[in-house]
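Residue-level structural notes
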Amino acid sequence: TFAPRMGMRPLMSIVLLALCVLLVAELRMRYPDRSWNASPQPERQLSAARLPRAMDVRGPESPEDEAPDAEDEAPEADDEAPDAGQSKENGTRSPTNASTPKPKRVVVQAPLPDRCALPKAEQVGGTNPIVIKGNFFYDSVTGKRFFSKGVAYNPRNIKFETQMKGNCTPGEPELHQLEYGEDPTQASMKSLWMEALNSIANMGANTIRLYNIDPNISHADFMEEAAKLGLYVVVPLTRHDWGYLPAGMPSPSCYTAVIEGYGNVGTNVLTSAKLIVKEFSKYDNTLMFTVANEMTVADSKGWAAFPCVKALTRDIHRYQADCRASMRRVPLLYTAADTGSSTVVEYLTCELENEDDAVDAYGLNVYSYCDEQYLDGQGKDNFRNSPYWTIHTQFKHFSKPLIFSEFGCNTGTFLTSCPYVGGRTWPDVKTFFEDHQLGEILSGAIAFEFSMEPNEYGLALTPGFTSDAANKDSTYLLDSYFALKREFEAHNVSERWDGAEIAGCSWLPSKAHKMSYKHRQSKCPLSKEVKKLFKDKRIKTKPNWAKLPPTPSGTSWGELASCAEYEVSAELLHEASCHKNASISRISSSNSSSNGSNSSGSSSS
């Protein structure tokens, strides 16, 4: 009826539309399992950024070893829920939406940039013992202020792993891989640590921090080689497998418990620690002993284990006092995660029973400085806007040496991946030496860490870490190493506080030069402060900081039945005498105060 009026072209359109409807009906009958959408969706395509490129993909040669890339771990938006052709029960897809197998990822080793060989570091012939005066370190012979520029050293001698980021393939390390608790300074690793010591000395550093020590082997070769290069060593007193402080046990159990198959935890840790002290105290380049590290990180009960840290500190100080005629009094250090808890700082550095239970120095493991600059309203880099301003405020009156026992953010601006081009530039180093920043507050900073490990903080690749020929038989130094070398060489501690009187018990840095802040002795936290800390940390254990566990028995036999036998200089012997008899002279007054209402977590709490 309407054909003459509409013309033939519209009529043809109607006919074609009818044919399409019939065709769709026929297809639905033939393929009932398929999903037929009224509005067909375009086929999903990879964007240019997601297209695989030879330098962007990596993976093992066998599928069973394959680890997913970061992008592969998260499902795409339309993969999160089953579509019309997917069963919710078994997750199978219909033929239309069946996923095609992913192409096998290609293993590619990105070439390591060329490096010039490092020269042999200058040998200084030896080191002088370091002592503490006020909140600074001093050379005990020259009287000059000492600032610890350090690098953490705990290589496991690993190779590149598929879960690590970047475009590298694993090499074949010649030396065996170390378990976490193994001592990296052992003789079998000499070729590795000799190369590392030379590299660390070449970058302007003067300190190495160790994490695992076996007291049953000699460390003479390592310590003597380090001393020749002017390197001091921070030595741990607690160990990973035997001789540890169990952070998962509240005090007093962390120092008194008997574990089946292991024995008394206090006896074992004190025995192990005393063996380490006896050996390493004879080396002039032993800078400090780490009593414990990050007690609250692995277990929240660590907040209730701090009395055990003070008890171990007390017992090592007493051992040093008993052997002071033939054993140098090396300072004791506690190293903490940068949690900002001033209560813990005060507690570990205060004199609860007496001077013996207070650590001599405090360390922060700091990873908060993650930008090149912290700008103010005028667009200028301003230290007060940086995360270190909080540390400055908290510690400006601190009376003992503060060090960054670990530092060096590797995220944000400083994120990198294998072959680790670019990375950390260490813009915070300059603040360690600047007046009105950290120049009068900080006494050392130890970069974390020398070797590349699974956490990817390393400054160097140990031999065989990658398959690149430049890394096959020797340590390969990364851009982050050379950036830190520039910063360490460019900045030095002020000489205004030089001239310490080593044998003077009352001498303080302020006698050499005026200090910007007055430094006051730490006071043990009040019981209400400890209560609040436990409540804030949701610690179910009753606050227990007022009383320390007793000294364990059975730690003075065999090799520990006698003191070390070597000569202590008259100056160091006199300096040590500033601390002797502290446990006798203060015991009566401390007992009365520790039981009072103002003591840490006292019985009234």
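Please read all numbers here as calculations on a predicted model, not as lab measurements.

**Some details on the pairing of strand S12 (residues 402–407)**
Among the 6 residues of S12, 6 are classified as buried, and the element is accordingly described as predominantly covered. Direction of pairing for strand S11 (residues 361–366) relative to S12: parallel, over a ladder of 5 bridges. Opposite Leu364, over in S12, you have Phe404 as the bridge partner. Taking the sense of rotation as the criterion, the β-α-β connection linking S11, helix H10 (residues 388–395) and S12 turns out right-handed. Pairing of S12 with strand S13 (residues 442–447) involves 4 bridges; the strand directions are parallel.

**What to know about the pairing of strand S1 (residues 130–133)**
Neither face of S1 is left uncovered, since the one carrying Ile130 and Ile132 and the one carrying Val131 and Lys133 both have all their residues buried. Bridging between S1 and strand S2 (residues 136–139) involves 4 bridges; their strand directions are antiparallel. Residue pairing across strands places Ile132 opposite Phe137, the latter belonging to S2. The turn linking S1 back onto S2 is made up of 2 residues, and Gly134 within it adopts a positive phi angle of 65°.

**Considering the sheet that holds S1**
Ordered by their spatial adjacency, 3 strands build an open sheet running S1-S2-S3, and the pairing between neighbours is antiparallel. The open sheet is flanked by S1 and strand S3 (145–146), the only strands paired with a single partner.

**Quick look at the packing of helix H4 (residues 190–202) against helix H5 (residues 220–228)**
Running from N to C, H4 and H5 cross one another at 15°; their axes reach a closest spacing of 10 Å. One finds that H4 runs roughly parallel with respect to H5. In terms of crossing hand, the pair formed by H4 and H5 is right-handed. On H5, the residues touching Lys190, Trp193, Met194 and Leu197 of H4 are Asp221, Phe222, Glu225 and Ala226.

**What about the nonpolar core?**
Judged by nonpolar contacts, the single largest core of 102 residues is most densely connected at Phe306, Tyr334, Tyr362, Phe404 and Phe432. Residue contacts for Phe404: discarding those within four places in its chain leaves Leu364, Val366, Tyr388, Ile391, Phe432, Leu438, Leu442, Gly444, Ala445 and Ile446. Within the second largest apolar cluster, 16 residues are counted, among which are Phe137, Tyr232, Leu287 and Ile446.

**What to know about the state of the cysteines**
Evaluated as defined, the whole model comprises 6 disulfides. There is a disulfide in this structure between Cys254 and Cys308, and the S-S distance comes to 1.8 Å. In this structure, the disulfide formed by Cys254 and Cys308 twists by about 80° around the S-S bond and is classed as right-handed. Taken as a pair, Cys254 in helix H6 (residues 253–256) and Cys308 in helix H8 (residues 306–322) lie far apart in primary sequence, 54 residues in all.

**As for the side chain of Thr296**
Within the secondary structure, Thr296 sits in the loop between strand S9 (286–293) and H8. Aside from chain neighbours lying at most four places away, what touches Thr296 is Gly302, Trp303 and Phe306.

**A look at the packing of aromatic side chains**
Enumeration over the complete set of coordinates arrives at 33 aromatic pairs. For the pair Tyr369 and Tyr374, a centre-to-centre distance of 4.9 Å together with 75° between the ring planes defines the contact as edge-to-face. The pair Tyr369 / Tyr374 is uniform in exposure class, with both members buried. An aromatic cluster of three or more residues is present, and its members are Phe147, Tyr369, Tyr374, Tyr388, Phe404, Phe407, Trp426, Phe432 and Phe433. The side chain of Arg145 reaches across the aromatic face of Phe136, ending 3.6 Å from its centre. Residue placement shows Lys310 over the ring face of Tyr347; its charged tip is 5.1 Å from the ring centre.

**Focus on the sheet that holds strand S5 (residues 207–209)**
Strand pairing in a sheet is mediated by backbone hydrogen bonds. Such pairs are either parallel or antiparallel. Taken in spatial order, the 8 strands of this closed barrel run S4-S5-S6-S9-S10-S11-S12-S13, and their pairing is parallel. Averaged over all pairs of adjacent strands, the angle between their axes in this sheet comes to 30°, without regard to strand direction. Judged from the 4 bridges that link them, strand S4 (residues 148–152) and S13 form a sheet pairing that is parallel. From the neighbouring strand, Lys149 faces S13, where its bridge partner is Ala445. Where H10 meets the sheet, its contacts fall on S11 and S12, and the angle it forms with S11 comes to roughly 165°.

Rules used in this analysis
- Residues numbered from 1 in each chain as written.
- Predicted model: local features only at pLDDT ≥ 70, side-chain atom pairs only at ≥ 80, totals over all residues.
- Heavy atoms only, no water.
- Buried < 20%, exposed > 50% of the residue type's maximum accessible area, 1.4 Å probe, protein only.
- Helix = DSSP H or I, 4+ residues; strand = E, 2+ residues; numbered from the N terminus.
- Pairing = 2+ DSSP bridges.
- Right-handed = clockwise from strand over helix to strand, strands pointing away.
- Axes fitted to C-alpha atoms, helices over the stretch in contact; angles between N-to-C directions.
- Parallel < 35°, antiparallel > 145°, perpendicular 65-115°, else oblique.
- Left-handed = near helix turned anticlockwise from the far one by under 90°.
- Contact = heavy atoms within 4.5 Å.
- Core = buried A, V, L, I, M, F, W, Y, C linked by side-chain atoms within 4.5 Å.
- Disulfide = S-S within 2.5 Å.
- Phe/Tyr/Trp six-rings, centres within 6.5 Å; stacked < 30°, edge-to-face > 60°.
- Lys NZ or Arg CZ within 6 Å of the ring centre and 35° of its normal.

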